[in-house]
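# An overview of the molecular structure
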Amino acid sequence: MFTRNLRVFFRRYSQTCTFRTSELSPAQHSENQIGLFYTIDKNLCKQLFGHGGLPKSYMKQTKTFTETTLMVRLPALDVINCIKNTDFDKPAVRYVLYGEKGAGKSLTMAHLLHYAHEQEFLIVHVPWVSEWLRRVPRHKEMANSPTKEGFVDLPLDAAAWLLHFKTQNQTLLKNPDLKISKEYTWSKRESTSEGAPLLELVELGIARVKYACDVIDALVHEIKLLSNNKCCKTFVAIDGFNSFFYPLTRLRTPTKRTVSPEEVSLTTSFLTLTKNDWTNGVVVVTADQLAVPEDHQESYLPKYLLYKKGFEHLDPFVPIEVGRYSEREFLTCASYYRDRLWLRGPSELEDELKFTSACNPYKFMELCAPL
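Residues numbered from 1 in each chain as written. Predicted model: local features only at pLDDT ≥ 70, side-chain atom pairs only at ≥ 80, totals over all residues. Heavy atoms only, no water.

## Digging into the pattern of salt bridges
Pairing is possible between side chains of opposite charge, provided their charged atoms come close. Note the threshold: Throughout this description, the term salt bridge denotes a Lys or Arg side-chain nitrogen within 4 Å of a carboxyl oxygen of Asp or Glu.
Applying the stated rule across the entire model yields 18 salt bridges. The salt bridge partner of R257 is E263, with a shortest N-O separation of 3.2 Å. The structure contains a network of salt bridges with shared partners spanning R20, E67, D339 and R340.

In structure tokens:
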């Protein structure tokens, strides 16, 4: 009995070694860890992704698996190596993650966010642009901008994003060097004085929702100044960035007129931040087919998804393709699914799944669910 238990233990241990890496720091990941999974601490995961950033299907899987793991893949390593060799005195470099649906762009972004947090970057992360412009609840609150004529504010979405920003940067925002450069007046009675902590500005936008969009506008201006003055390094991450350039949104004015992305104040703020007219920062965005309607999903290439305006806005940028699983990554993922009992059955089943999923990470996960 003892010998049998020992044999089971060593078999499980050897399986664990084949698909996991003990190196939990993204900064230390190298080509030796490609295809292996690493685990993110629960508290850190809640801090970075508690308000969005991980696909819903993946979040369901993490609850089933009782852990949050990410696979170390080459696209993330390429960006990390580029960041390590970046001259931060030069204008911010823009990276565009692209690839077919389900290839893992959002999870590659999550890996990069973990790296940015570890390297003490100030993180400016938009989990999914389409949540603002295309996924419209029945009673989405909209308001005409009081400071920008012809623009529309999304105050509740803006306040929710400010809370996300505060949560992700809760440690860095305590830095006394992060101060506001000028006074901001919000009303006759409310203002934020020059030299006030950046956190005070963020908290005002959360508490006074009607000013949230204007607070984000001010926050973007201050972050660029702080980065230029070497007070912080900034990591901008926007998932579904191409949604900013699709001609129409699902937002409607009271007169039933369709609002274009250019008329949304949040669009202006984040397009300002993704310019390369500032230093000491990195910009990573994704061009995703799911960010636009199905009739505009013929190609996953950035030139198609970003349209002429978006392409010119980001040019020059570094394109990083997130592809399907390699042979090694597929086998590693299959081993992990078997360990988590997400995949059962004979080993021959994996050959069939490899063929039917075409090594697409999302399709592979979906096909394994009923097994």
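## Looking at helix 12 (residues 307-314)
Stated precisely, the cut-off is as follows: A 1.4 Å probe rolled over the protein chains alone gives each residue an accessible area, and that area as a share of the maximum for its type sets the label: buried under 20%, exposed over 50%, partly exposed in between. Here a helix means four or more residues in a row that DSSP labels H or I, a strand means two or more in a row labelled E, and each is numbered from the N terminus. Of all possible arcs, the one meant is that of the directions from the helix axis to the C-beta atoms. Two residues qualify as a contact provided that any one of their heavy atoms is within 4.5 Å of a heavy atom in the partner residue.
Among the residues of helix 12, G310, H313 and L314 are the ones counted as buried. Summarising the axial view, the buried residues of helix 12 lie within an arc of 90°, below the 170-degree limit, and thus occupy one face. Of the surrounding secondary structure, the elements contacted by the buried residues of helix 12 are strand 3 (93-98), helix 10 (265-273) and strand 10 (281-287).

## A few points about the environment of F244
Following the sequence through the fold, F244 ends up in the loop between strand 9 (234-238) and helix 10. As for F244 and G150, which are separated by 94 residues in sequence, their C-alpha atoms are 17 Å apart. Excluding anything up to four places from it in sequence, F244 contacts V129, W132, L133, I238, P261, T267, F270 and L271.

## What to know about the sheet that holds strand 11 (residues 318-321)
Working definition: the strands of a sheet are paired by backbone hydrogen bonds and lie parallel or antiparallel to each other. To keep it simple, the criterion reads: Between any two strands, at least two bridges found by DSSP are needed for them to pair. Note on geometry: axes are lines fitted to C-alpha atoms, helical ones only across the stretch in contact, with angles between N-to-C directions running from 0 to 180 degrees.
Spatial ordering of the open sheet is given by 4-9-10-3-11, a layout of five strands whose pairing is parallel. With one partner strand each, in any of the chains shown, strand 4 (122-126) and strand 11 form the two edges of the open sheet. Pairwise comparison of adjacent strand axes, ignoring direction, gives a mean angle of 15° for this sheet. Direction of pairing for strand 3 relative to strand 11: parallel, over a ladder of four bridges. Residue pairing for strand 11: V96 is matched across the bridge by P319.

## Describing the packing of helix 14 (residues 349-357) against helix 15 (residues 361-368)
Operational definition: Roughly parallel here means an angle under 35 degrees, roughly antiparallel means over 145, roughly perpendicular means 65 to 115, and every remaining angle is called oblique. Take the far helix as the reference: if the near one is turned anticlockwise from it by less than a right angle, the crossing is left-handed, and if turned clockwise, right-handed. Polar here means any residue outside two lists: the nonpolar Ala, Val, Leu, Ile, Met, Phe, Trp, Tyr, Cys and Pro, and the charged Asp, Glu, Lys and Arg; Gly therefore counts as polar.
Across the interface, helix 14 lies against helix 15 with an axial gap of 9 Å and an inter-helix angle of 130°. As judged from the angle between their axes, helix 14 and helix 15 are oblique. The element helix 14 and its partner helix 15 pack so that their crossing is right-handed. On helix 15, the residues touching L353, T356 and S357 of helix 14 are K363, F364, L367 and C368. When grouped by side-chain class, the residues that make up the contact of helix 14 with helix 15 number four nonpolar, two polar and one charged.

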